[in-house]
Amino acid sequence: MPRLINKCAANQLRSAYGDGCKERFASSARNSEKFCACMFDRIKEIPEENFFEIGLAMADYLSEAATAKERGLPAPAQPAALNQFSAIDASCKKE
């Protein structure tokens, strides 16, 4: 079962950087087309067995970060499970 969950989570995250990505990230990435291509390729570096944990950590962290922002507080510490994904995201945004 964990293998299936990781595969589904991997497919879901990868799909965010496929069709419609350019439009989704047009306001947050300098060159959204290049950003999306970079993310789509670089996400392959993440082992599939990590995707479910990344998905859970991302859901919790984004919710906590949004709440902190609404309250004028600093963002919470990022969970370790997001380190590799965040590094890829930052690298692709620089390109």
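Residues numbered from 1 in each chain as written. Predicted model: local features only at pLDDT ≥ 70, side-chain atom pairs only at ≥ 80, totals over all residues. Heavy atoms only, no water.

A. Representation of a nonpolar patch on the surface. A contiguous nonpolar surface patch, about 240 Å² in accessible area, is contributed by Ile5, Phe52 and Leu56. Within the secondary structure, Leu56 is located in helix H4 (residues 51-70). Residue classification places Leu56 among the partly exposed positions, given a relative accessible area of 46%. (Patch = residues over 30% accessible without salt bridge, like charges linked within 9 Å, V, L, I, M, F, W, Y side chains within 5 Å. Areas by Shrake-Rupley, 256 points an atom, 1.4 Å probe, with all protein chains shown as cover. Salt bridge = Lys/Arg side-chain N within 4 Å of Asp/Glu carboxyl O. Helix = DSSP H or I, 4+ residues; strand = E, 2+ residues; numbered from the N terminus. Buried < 20%, exposed > 50% of the residue type's maximum accessible area, 1.4 Å probe, protein only.)

B. Just the confidence of the model for the protein chain, in detail. Residue-level pLDDT values for the protein chain average 91, and 98% of them are 70 or greater. The spread of mean pLDDT over the elements of the protein chain runs between helix H1 (residues 2-15), the lowest at 83, and helix H3 (residues 32-42), the highest at 95. (pLDDT = per-residue confidence, 0-100.)

C. Expanded view of the state of the cysteines. For the coordinates displayed, the defined rule picks out 2 disulfides. The disulfide that involves Cys21 links it to Cys36, with 1.9 Å between the sulfurs. Disulfide Cys21-Cys36: the torsion about the S-S bond is -85 degrees, which places it as left-handed. Taken together, the residues Cys21 in helix H2 (residues 21-24) and Cys36 in helix H3 connect sequence positions 15 residues apart. (Disulfide = S-S within 2.5 Å.)

D. How the structure looks around the layout of surface pockets. Its boundaries defined by the atoms lining it, the largest pocket holds a volume of some 170 Å³. For the largest pocket, the full set of lining residues is Ile5, Ala9, Gln12, Leu13, Phe51, Phe52, Ile54, Gly55, Leu56, Met58, Ala59 and Leu62. Elements supplying a minimum of two residues to the lining of the largest pocket: H1 and H4. When residues in the lining of the largest pocket are grouped by element, the largest group, 8 residues, is from H4. Of the residues in the lining of the largest pocket, the class split is 10 nonpolar, 2 polar and no charged. (1 Å grid on protein atoms, 1.4 Å probe; cavity = no way out; pocket = protein on both sides within 12 Å on 5 of 7 lines; lining within 4 Å. Points joined across faces, edges and corners; volume = space filled by probe spheres on them. Nonpolar A, V, L, I, M, F, W, Y, C, P; charged D, E, K, R; others polar.)

E. Layout of the packing of aromatic side chains. Evaluated as defined, the whole model comprises 3 aromatic pairs. Three or more aromatic residues joined by ring pairs form one cluster here, namely Tyr17, Phe25 and Phe35. (Phe/Tyr/Trp six-rings, centres within 6.5 Å; stacked < 30°, edge-to-face > 60°.)

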